[in-house]
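Spelled out, the chains give:
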Amino acid sequence: MTIDLDLTAHEHAANLRAGEYTSRALTEATLARIHAQDASLNAYITFTDDLALAEADAADARIAAGDAGPLTGVPVAVKDLLSTKGIQTTAASKMLEGFVPIVDCTVVQRLKDAGAVIVGKTNLDEFAMGSSTEHSAFGATHNPWALDRVPGGSSGGSAATVASRGVPLSLGTDTGGSIRQPAALCGIVGLKPTYGRVSRFGVVAFASSLEQVGPFARDAEDAAHLLGAIAGDDVMDSTTVPVPVPDYTERFDRGLQGLRVAVPEAFFGDGLDADVRESIERAIEDLAAQGAIIDRSVALPAASAALPVYYIIAPSEASANLARYDGVKYGFSVTDGRSVEDEMAQSRGRGFGAEVKRRIMLGTYALSAGYYDAYYLKAQRVRTLIKREFEAAFATHDVILTPTSPSVAFRLGEKVDDPYAMYLNDLYTIPVNIAGNPAISIPCGMSQGLPVGMQLIGRPFEESTLLGAAHAYGQVTDWHRQAPPALG
Amino acid sequence: MALTADEVRYIAKLARVALSDAEVERLGGELSTILDHFQVLNDIDTADVPPTAQSFDLHNVERPDVTRPSFDLEDVLLNAPRREDAYIRVRGVLD
């Protein structure tokens with residue numbers, strides 16, 4: 001029989017349990033499709049066919065034994081920032097080309113425990129620094145909606161392969177918008193969990209106080225199942241918070257009636273494209289028609305300073321985290337330098353790409369003697385103001401609604417030579433990482449044949465509220481069912 | 001504010017990143033532009049505001065001190081660029 005690869009993960013899971021087809025058959029068909037699509041997309045750095053087929057056989061045994069969960073036997077792709085035991089993990093950097101981790105990161109271990117089938121490692125901006133997946137040592141990823149456009153970033157490969165119906169689920173990481181912005185630009189669902197909700201153990205570190213691993217999916221139900229599988233505290237990551245993990249579909253029956261939605265005007269100002277604004281305004285009307293209470297009086301003035309705060313804090317943390325790449329223990333290594341110090345500097349100078357060097361330099365400067373107070377400490381104080389502002393807004397509202405990205409997918413090459421123009425892509429997503437709250441991007445419109453995404457921000461550890469609202473919105477609209485043109 | 005080439009080279013030395021002259025010149029311009037955008041923070045009054053290093057204040061996270069097996073030596077040396085027996089080989093650090 002022919003397997004319909006356009007189904008969602010929960011539809012596949014039901015079919016697998018009903019014996020309609022096996023995980024091995026689904027996995028073989030999935031591998032064939034993602035290999036074929038990659039000639040157009042370049043969404044993957046590494047395919048893991050052998051691992052996937054072994055996991056599929058194990059999943060089929062579990063299903064036969066009646067021991068299947070919602071992800072058992074379902075194909076999943078993971079961002080190549082997540083360590084996979086015995087499988088190259090590059091962070092899309094020449095620095096880590098050929099690096100083979102000796103452990104799985106916690107989230108990959110949890111996927112394996114859930115019986116998921118890992119089919120490949122997806123492309124990203126080098127060390128997750130970027131908003132277009134053009135800063136990859138392995139070439140740019142293309143947007144399945146228009147191959148001359150970017151998929152967003154940094155988790156662009158994970159977003160593109162879900163949008164193109166290559167896999168139903170994938171994992172990305174989000175430090176300033178790296179799940180939500182590509183989800184918006186590719187027309188799928190992407191969720192950044194609350195800081196501390198998901199373990200970062202074994203995730204190649206960029207900015208430790210900001211980043212989280214989270215799901216990409218085509219609907220809220222799939223995102224809920226994938227988040228449920230990876231969430232929870234971890235003895236290997238002491239920043240995980242011991243809050244119980246709920247069933248993330250627990251609010252799916254709640255609907256939108258009475259949901260208190262703040263729409264801050266600060267997120268609708270200069271820089272927002274008119275067509276994106278139009279889609280968001282229509283989505284707000286749809287929510288109101290379902291009984292949501294819209295409040296446009298919330299100001300959030302400090303959030304407008306989030307971009308400079310982020311571009312001080314994140315590069316500062318990156319400059320410290322990336323100090324470990326010295327060409328000695330692992331990674332790219334220059335061995336013919338004049339001295340040990342020269343070899344380290346040469347290894348880093350040649351192993352890192354342009355954007356990574358830019359951020360290491362920026363962070364080193366912000367932390368250096370004489371500038372620490374003016375930049376790093378100042379940014380941390382403004383961070384407090386942004387956090388307080390969010391806390392105040394959430395005292396009287398359930399969610400904050402904003403556009404996810406100021407524009408639809410832009411053209412490859414359009415912004416890659418203008419760092420600050422690239423940074424502005426994350427204007428609306430960055431404040432959320434600064435405050436630590438969870439947020440979801442859901443498809444809410446089309447413009448110029450390209451998807452538009454809406455961001456819903458929630459209270460800490462209330463991912464269920466976001467997923468419930470996304471599910472309810474998906475019941476009365478069909479933006480999340482729009483599919484890009486089929487690829488070869 | 002404009003960073004001079006010497007300042008860029010000084011930061012590169014702190015960061016242990018070898019840069020070509022062309023990179024020094026380009027980064028000087030790019031970093032100066034980015035730093036200019038940071039000036040808006042000076043307009044925000046943070047006189048009595050404490051800094052936030054992490055979103056949710058977790059303190060003194062502890063676990064029982066239980067011994068666990070270490071990684072296998074071969075595994076640990078798997079990715080070493082230069083290896084000699086059970087060691088990672090590096091350049092001499094003393095002249």
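What counts and how
- Residues numbered from 1 in each chain as written.
- Chains lettered and ligands numbered in written order.
- Predicted model: local features only at pLDDT ≥ 70, side-chain atom pairs only at ≥ 80, totals over all residues.
- Heavy atoms only, no water.
- Pairing = 2+ DSSP bridges.
- Helix = DSSP H or I, 4+ residues; strand = E, 2+ residues; numbered from the N terminus.
- Axes fitted to C-alpha atoms, helices over the stretch in contact; angles between N-to-C directions.
- Contact = heavy atoms within 4.5 Å.
- Domains from an automatic or database assignment.
- Buried area = accessible area lost by both parts, 1.4 Å probe.
- Salt bridge = Lys/Arg side-chain N within 4 Å of Asp/Glu carboxyl O.
- Polar contact = N/O pair within 3.5 Å; in protein donor to acceptor, adjacent residues only side chain to side chain.
- Buried < 20%, exposed > 50% of the residue type's maximum accessible area, 1.4 Å probe, protein only.
- Core = buried A, V, L, I, M, F, W, Y, C linked by side-chain atoms within 4.5 Å.

Trainee: Explain the sheet that holds strand E8 (residues 293-295) of chain A to me, and be specific about the residues and the numbers.
Mentor: All names here are of chain A. A sheet is described by the order of its strands in space; here 11 strands give the open sequence E1-E3-E2-E4-E6-E5-E10-E11-E9-E7-E8, paired in mixed fashion. The open sheet has two edge strands with one neighbour each: strand E1 (44-47) and E8. Across this sheet, the average inter-strand angle for adjacent strands is 30 degrees, counted without regard to direction. In this sheet, E8 lies alongside strand E7 (residues 260-262) in parallel orientation, the contact comprising three bridges. Its bridge partner being in E8, Ala262 is matched across the sheet by Asp295. Along the sheet face, helix H4 (residues 106-113) touches strand E2 (75-79), strand E3 (117-122), strand E4 (169-174) and strand E6 (212-217) and points at about 150 degrees away from the line of E3. Contacting strand E5 (189-192), strand E9 (399-403), strand E10 (439-447) and strand E11 (450-457), helix H15 (residues 463-476) runs over the sheet at an angle of about 20 degrees to E10.

Trainee: Summarise the domain arrangement of chain A; cite the residues concerned and give the values.
Mentor: Residues and elements named next belong to chain A. What the domain assignment reports for chain A is domain 1 (9-253 + 468-481) and domain 2 (304-379). Once you take the C-alpha centre of each, domain 1 and domain 2 turn out to be 28 Å apart. Counting residues at the interface gives 19 residues for domain 1, matched by 22 residues for domain 2. For the pairing of domain 1 and domain 2, the buried interface totals around 1700 Å² over both sides, and the portion due to carbon and sulfur atoms is 65%. Summed over the three residues of domain 1 that lose the most area to domain 2, namely Met95, Met129 and Phe206, the buried surface amounts to 39% of that side. In this assembly, domain 1 and domain 2 are joined by zero salt bridges. Across the domain 1-domain 2 interface, the total number found is nine residue pairs in polar contact (both at pLDDT 80 or more).

Trainee: If you had to explain the pattern of salt bridges to someone new, which residues and values would you point to?
Mentor: Residue and element names in this part refer to chain A. For the structure shown, the criterion picks out 29 salt bridges over all chains. The salt bridge involving Glu265 is made with Arg296; its shortest N-O contact spans 3.2 Å. Here Glu265 is found in the loop between E7 and helix H8 (274-289), whereas its partner Arg296 is found in the loop between E8 and helix H9 (306-321), with 31 residues between them in sequence. Taking the relative accessible area as the measure of exposure, Arg296 reaches 35% and is therefore partly exposed. Note that Glu462 is salt-bridged to Arg459, the shortest N-O span being 3.1 Å. Since its relative accessible area comes to 25%, Glu462 is described here as partly exposed. In this structure Arg459 comes out as buried when scored by relative accessible area, which is 19%.

Trainee: Give me the side chain of Asp219 of chain A: which residues, what numbers.
Mentor: All names here are of chain A. Secondary-structure assignment places Asp219 in the loop between E6 and helix H7 (220-230). A polar atom in the side chain of Asp219 sits 3.3 Å from the backbone nitrogen of Glu221. Excluding residues that lie within four positions of it along the chain, Asp219 makes contacts with Thr8, His10, Val189 and His480.

Trainee: How would you explain the interface of chain B and chain A if you had to name every residue and give the values?
Mentor: Each side of the interface is counted separately: chain B has 54 residues, and chain A has 67 residues. Carbon and sulfur atoms make up 68% of the area that chain B and chain A hide from each other, which totals about 5200 Å². Counting the contacts that link chain B with chain A gives five salt bridges. Summed over the shared surface of chain B and chain A, the number is 20 residue pairs in polar contact (both at pLDDT 80 or more). When residues of the side of chain B that touches chain A are traced back to their parent elements, those giving at least two are helix H1 (5-15), helix H2 (21-37) and helix H3 (73-77) of chain B.

Trainee: Which residues make up the nonpolar core, and what values go with them?
Mentor: The nonpolar side chains of soluble globular proteins are, as a tendency, buried together. All names here are of chain A. Within the largest apolar cluster, 144 residues are counted, with the highest numbers of intra-cluster contacts made by Leu111, Phe127 and Leu467. Looking at this core, you find at least three residues from each of domain 1 (9-253 + 468-481) and domain 2 (304-379). Ignoring sequence-local partners within four residues, the contact set of Leu467 consists of Leu191, Ala220, Ala223, Ala224, Leu227, Tyr248, Phe252 and Ile440. By size, the runner-up hydrophobic cluster in this structure holds 22 residues, among which are Ala159, Ala183, Cys186 and Ile188.

Trainee: Give a detailed account of unusual backbone geometry, specifying residues and quantitative values.
Mentor: Residue and element names in this part refer to chain A. Cis geometry is found at the peptide bond from Gly153 to Ser154, where omega equals 10 degrees. The backbone of Ala128 sits at a positive phi, close to 70 degrees, despite the residue not being glycine. Relative to the helices and strands, Ala128 resides in the loop between E3 and helix H5 (156-163). Of note in the backbone geometry, Gln448 takes a positive phi value of approximately 55 degrees without being a glycine. Within the secondary structure layout, Gln448 lies in the loop between E10 and E11.

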